[in-house]
Amino acid sequence: MISLHFLGTASGIPTFYRFNSATLLCCDQDKYLIDCGEPVSSLLLRTGFDWKEIKAVFISHMHADHFSGIFQLLQSLQIAGRTEKLSIMMPENAINTFKSFLELILLHGDMLPYQLEIIPVQSGYIFKDDNFQVTACPTNHLKPYNRPAYSYSFEGDIKIVYSGDIGSINDLRWLQEADVLIMELAHVPLDDVLQFLKIKSKIGKIVLSHIHPDLEGKEKEVFNMLLDFLPKERITIAGDGTMLKIVPEKCYNNEYGL
Ligand SMILES: [Zn+2]
């Protein structure tokens, strides 16, 4: 079974109801963490997952709300005695600094009981296993700072696209079809998302996450606006604890966790 678990759905700042970005993609026993905002170790525990089950972590870009939980997660795995390899995908320019910081906090080399594989992300294919082939598509989110940011596309029995943070809706022009689009709603006006959905008819389900604080409490209004473009069973406004079961026949069910 394939499922998505929205652990943290806030944008740049956590709120009372939303922690920072972390989404868990489960494919039977294999688990993939898409972004790793804090407090992801705690949220995984509360949602009933074993840290050791995580196979790979995909970091979209180096803003703290997207990766700040990685350090505690690596320490959690160290203390829990993980022995299986863990892969982390992150923008190539960040890797040397990231490794230096791991040395500073004693999470490097032989300090870890598991192999830590850090894979540089560039545009294009970045990862493949029996479940998914993953490609990265650059976005303009950090272009003013000349830094990279990526959307990720997971393709297997189903195709799940994670927008990451985008500069504008044009960053998703390449997207033709997807069973599920996880769309950020912090750096793009809702109107642009609605126009995008009008054009992109081959998106099975849209899940809005990374919600701007100004929209918190207005989820019902946002949902109603999306109803002009999609039937209700194809819309989810994610909150912390939202769980989405996905079946290849493109029937979707929502279940809520926490
Ligand atoms: Zn960002």
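Residues numbered from 1 in each chain as written. Predicted model: local features only at pLDDT ≥ 70, side-chain atom pairs only at ≥ 80, totals over all residues.

Some thoughts on the overall build of the chain
The helix and strand inventory of the chain stands at 6 helices and 15 strands. Relative to its length of 258 residues, the chain is compact, with a C-alpha radius of gyration of 17 Å against a globular reference of 18 Å. Taking the principal axes of the C-alpha coordinates as reference, the chain spans close to 55 × 40 × 35 Å. The buried share among the 258 residues of the chain stands at 40%. Contacts in the chain between residues far apart in sequence, at least 24 positions, make up 60% of those at least 6 positions apart. (Helix = DSSP H or I, 4+ residues; strand = E, 2+ residues; numbered from the N terminus. Rg over C-alpha atoms; globule rule 2.2 N^0.38 Å. Buried ≥ 20, exposed ≤ 12 C-beta atoms within 10 Å, placed from the backbone. Contact = placed C-beta atoms within 7 Å.)

Focus: the confidence of the model for the chain
Looking at the chain, pLDDT values average 93 and 96% of them are 70 or higher. Low pLDDT (under 50) marks residues 251-258, which in the prediction has 21 contacts with non-local residues, meaning those over four places away or in another chain. (pLDDT = per-residue confidence, 0-100.)

Description of the environment of S68
Its place among the elements puts S68 in the loop between α2 (64-67) and α3 (70-80). Using a count of 17 C-beta atoms within 10 Å as the deciding quantity, one classes S68 as partly exposed. Residues S68 and P39, spaced 29 residues apart in sequence, show a C-alpha to C-alpha distance of 8.1 Å. Ignoring anything within four residues of it in the chain, the contact list for S68 reads N20, G37 and E38.

Considerations on the pairing of strand β5 (residues 86-91)
With respect to burial, β5 is a largely interior element, 5 of its 6 residues being buried. Here 3 bridges tie strand β4 (residues 54-58) to β5, and the two strands are oriented parallel to one another. The partner of V57 across the bridge, within β5, is I88. (Pairing = 2+ DSSP bridges.)

Some words on the environment of I246
Tracing the chain through its elements places I246 in strand β14 (residues 242-246). Overall, the presence of 23 C-beta atoms within 10 Å leaves I246 in the buried class. With 67 residues separating them along the chain, I246 and D179 place their C-alpha atoms 8.9 Å apart.

Observations regarding the nonpolar core
One finds C36, V57 and F58 to be the most contacted residues of the largest nonpolar core, which totals 64 residues. Tallying contributions element by element places strand β11 (residues 178-185) first for this core, with 6 residues. Sequence-distant contacts of F58, that is, excluding residues within four places in its chain, are made with Y32, I34, M89, V134 and Y152. (Core = buried A, V, L, I, M, F, W, Y, C linked by C-beta atoms within 7 Å.)

Considering the environment of Y152
You can see Y152 is positioned in strand β9 (residues 150-155). Separated by 30 residues in sequence, Y152 and I182 have C-alpha atoms that sit 9.9 Å apart. Among all residues touching Y152, those that are not within four sequence positions of it are I34, F58, S60, V134, A136, Y162 and G164.

Comments concerning the sheet that holds strand β7 (residues 124-128)
Spatially, β7-β8-β9-β10-β11-β12-β13 is the arrangement adopted by the 7 strands of the open sheet, whose pairing is mixed. A single partner strand is all that each edge strand has here, and the edge strands are β7 and β13 (235-237). If you compare each strand with its neighbour and ignore which way they point, the axes differ by 20° on average. Pairing analysis gives 7 bridges linking β11 to strand β12 (residues 203-211), with the strands arranged parallel. The partner of L181 across the bridge, within β12, is I206. (Axes fitted to C-alpha atoms, helices over the stretch in contact; angles between N-to-C directions.)

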